[in-house]
Amino acid sequence: MTAPGAAEASEAAPEVTERRLHPVTPLRRAWAPVAVLIGWAVHDPDGAQRHLTRLTTTTLLIGLAVLVPAAALYGFCSWWFTHFAVTESELRIRTGLVFRRTAHIRLERIQAVDVTQPLLARVAGVSKLKIDVIGTDKKDELAFLGADEARTLRAELLARAAGFAPETAHEVGEAPSRQLLRVPPGVLALSLVLTGATWVSVVAALVVPPVLWLFTHSLWTVLAVALPLLGAAGASSVGRFVAEYDWTLAESPDGLRIDHGLLDRSHETVPPGRVQTVRIVEPLLWRRRGWVRVELDVAGSSNSVLVPVAPRELAEDVVARVLPGVTVPGPADLSPAPRSARWCVPLWWRGYGLAVTDAVFASRSGLLRRSLALVPHAKVQSVRMTQGPWERARGLADVCVDTGADKTVRARLRDAAGARELLAAQAERSRTGRRDARPDRWMA
């Protein structure tokens, strides 16, 4: 017998329609058994070679005849038993044939929804939807959806997270955007050429192998060292160029949108109110051109680059949109470390500076590669003062502020008495900042 109230609630509850992923998904998931075999062969190449030499041609053909259908069946079953649905309060993802797993993602805890398209996915016309949820390190994802379906679902999730009613969320659509900047490929390439890390990797790859050959005359030793060095040089230049190609930044009510990628296209969103730290990085060879790089820390997100390269004035305008009401302190606004710091860090002490405004805690570090970190007072989770034995002897101390992204910004080598005053004042500013901070809302 069912209680009348329960019957009415059951009748009032809307029917949830579950959906499947794109039909191309089984092709991607069918590679899992093959990937296991490849991983085993890479982990134990000698054992794999021994087993392979024992097999006859007939046995290999029979093995392929079994493996290919098994992989295809696995891909089909994993796709068939994967469903997702959007309810009034959550995104529900159900997977698994033998071991069932159901993820319940509360809509109000969604902080970013990104759309990515690997190269093969672009050819097939599908996209991957990645969902950032507050309090989790790993992103949930739906791979793959049709390109149009992914963008429509993203818009619906953001509309639901913003508080729109379920019946109107479909009509809201994707929020309009206004382009703020686009990094030309030529500027990006030149900036990488003028990056010191690129030249260090290239010089190491050219110098170290000949030196090893002179001392060892071993080709395997040279290759074992040269190949990782060449890979590092490629990753620091070509890899960054491919990843940051056609970098476009746009402003919309649901945050700052970032589109980038030469082979794999990514459509990311910097969620409003979740940015914990913004860093303005200025390599030595960029200063003559007035270029800077803007990096950031976002709570619970892997987003780390906001602007790969841009003129300083334009970058500061972008920072003002990420941190409303914040003005980036200039060199004249930063108080340098005291001269006694030269005994702790010779020469490099000149790169340290500190400025505390009504809105942010700003700390500069680095001499060749300057980095100015801006932490809004409302995002400071804790404040610490640290002193090593050599710093205590010179009357110096470091003031550290910890953020919600598990990162620490350090004001190095401050006068000890001033550091104690700064510690107490910063703790008070953080309390009042959190109290007066605006709520984190989508489409505000």
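The preceding data block contains the structure.
Caption draft 1: How the structure looks around the overall build of the protein chain. Along its length, the protein chain carries 14 helices and 20 strands. Per-residue burial for the protein chain yields a buried fraction of 40% across its 444 residues. Residue pairs at least 24 apart in sequence account for 54% of intrachain contacts in the protein chain once pairs closer than 6 positions are excluded. Total accessible area on the protein chain is roughly 24000 Å²; 61% of this is exposed by carbon and sulfur atoms.

Caption draft 2: Highlighting a positive patch on the surface. Together, Arg 339, Arg 342, Arg 350 and Arg 394 make up a positively charged patch on the protein surface. Summarising the element assignment, Arg 394 is placed in the loop between helix H13 (389-393) and strand S19 (396-403).

Caption draft 3: Structural view of the packing of aromatic side chains. If you walk through the whole model with that rule in mind, you get 5 aromatic pairs. Centre to centre, the rings of Phe 76 and Trp 80 are 5.8 Å apart; their planes meet at 20 degrees, and the pair counts as stacked. With Phe 76 and Trp 80 both in helix H5 (residues 57-80) and 4 residues apart, this pair spans about one turn of that helix. The class of Trp 80 is partly exposed, set by a relative accessible area of 37%.

Caption draft 4: Main features of helix H11 (residues 219-244). Here H11 spans 36 Å end to end across 26 residues, near enough to the 38 Å set by a 1.5 Å rise per residue. Of all the bends in H11, the largest measures some 40 degrees and sits at Ala 235. Those residues of H11 not exposed but buried are Val 222, Ala 226, Ala 233, Ser 236, Ser 237 and Glu 244. Next to the buried residues of H11 lie helix H9 (185-193), helix H10 (196-216), strand S12 (291-298) and strand S13 (305-311). Of the residues flanking the end of H11, it is Asp 246, one or two places downstream, whose phi is positive at about 55 degrees.

Caption draft 5: Structural view of the sheet that holds strand S4 (residues 110-117). Taken in spatial order, the 7 strands of this open sheet run S6-S5-S4-S10-S9-S8-S7, and their pairing is antiparallel. Edge positions in the sheet fall to strand S6 (140-146) and strand S7 (178-182), since each of these pairs with one other strand and no more. Recorded for the sheet is a direction-independent mean angle of 20 degrees between the axes of neighbouring strands. Relative to strand S8 (residues 248-252), S7 runs antiparallel, the two sharing 4 bridges. Opposite Leu 181, over in S8, you have Leu 249 as the bridge partner. Its contacts with the sheet put helix H7 (residues 147-161) on S4, strand S5 (126-133), S6, strand S9 (255-260) and strand S10 (265-270), and the angle it makes with S6 is roughly 135 degrees.

Caption draft 6: Region of the structure containing the packing of H9 against H11. With their axes 10 Å apart at the nearest point, H9 and H11 run at an angle of 155 degrees to one another. If you check the angle between H9 and H11, you find them roughly antiparallel. For the crossing formed where H9 meets H11, the hand is right-handed. Contacts from Pro 185, Leu 188, Ala 189 and Leu 192 of H9 reach H11 at Ser 236, Ser 237, Arg 240, Phe 241 and Glu 244. The residue makeup of the contact of H9 with H11, split by class, is 5 nonpolar, 2 polar and 2 charged.

Caption draft 7: Region of interest: the pairing of S6. For S6, the buried fraction is high: 6 of the 7 residues fall into the buried class. The sheet contact formed by S5 and S6 spans 6 bridges and is antiparallel. Bridge pairing in S6 places Lys 130 opposite Glu 141.

Caption draft 8: Molecular detail of unusual backbone geometry. Following Ala 143, the chain continues into Phe 144 via a peptide bond in cis, with omega recorded as 10 degrees. With respect to the helices, strands and loops of the structure, Phe 144 is situated in strand S6. Here Asp 246, not a glycine, exhibits a phi torsion of approximately 55 degrees, which is positive. Residue placement: Asp 246 occurs in the loop between H11 and S8. Backbone geometry at Leu 347 places phi at a positive 65 degrees, although glycine is not the residue there.

Definitions and cut-offs
- Residues numbered from 1 in each chain as written.
- Predicted model: local features only at pLDDT ≥ 70, side-chain atom pairs only at ≥ 80, totals over all residues.
- Heavy atoms only, no water.
- Helix = DSSP H or I, 4+ residues; strand = E, 2+ residues; numbered from the N terminus.
- Buried < 20%, exposed > 50% of the residue type's maximum accessible area, 1.4 Å probe, protein only.
- Contact = heavy atoms within 4.5 Å.
- Areas by Shrake-Rupley, 256 points an atom, 1.4 Å probe, with all protein chains shown as cover.
- Patch = residues over 30% accessible without salt bridge, like charges linked within 9 Å, V, L, I, M, F, W, Y side chains within 5 Å.
- Salt bridge = Lys/Arg side-chain N within 4 Å of Asp/Glu carboxyl O.
- Lys, Arg positive; Asp, Glu negative; His and termini not counted.
- Charge placed at Lys NZ, Arg CZ, Asp CG, Glu CD.
- Phe/Tyr/Trp six-rings, centres within 6.5 Å; stacked < 30°, edge-to-face > 60°.
- Expected span 1.5 Å × (residues − 1).
- Bend = angle between axes of the 7 residues up to and from the residue.
- Pairing = 2+ DSSP bridges.
- Axes fitted to C-alpha atoms, helices over the stretch in contact; angles between N-to-C directions.
- Parallel < 35°, antiparallel > 145°, perpendicular 65-115°, else oblique.
- Left-handed = near helix turned anticlockwise from the far one by under 90°.
- Nonpolar A, V, L, I, M, F, W, Y, C, P; charged D, E, K, R; others polar.

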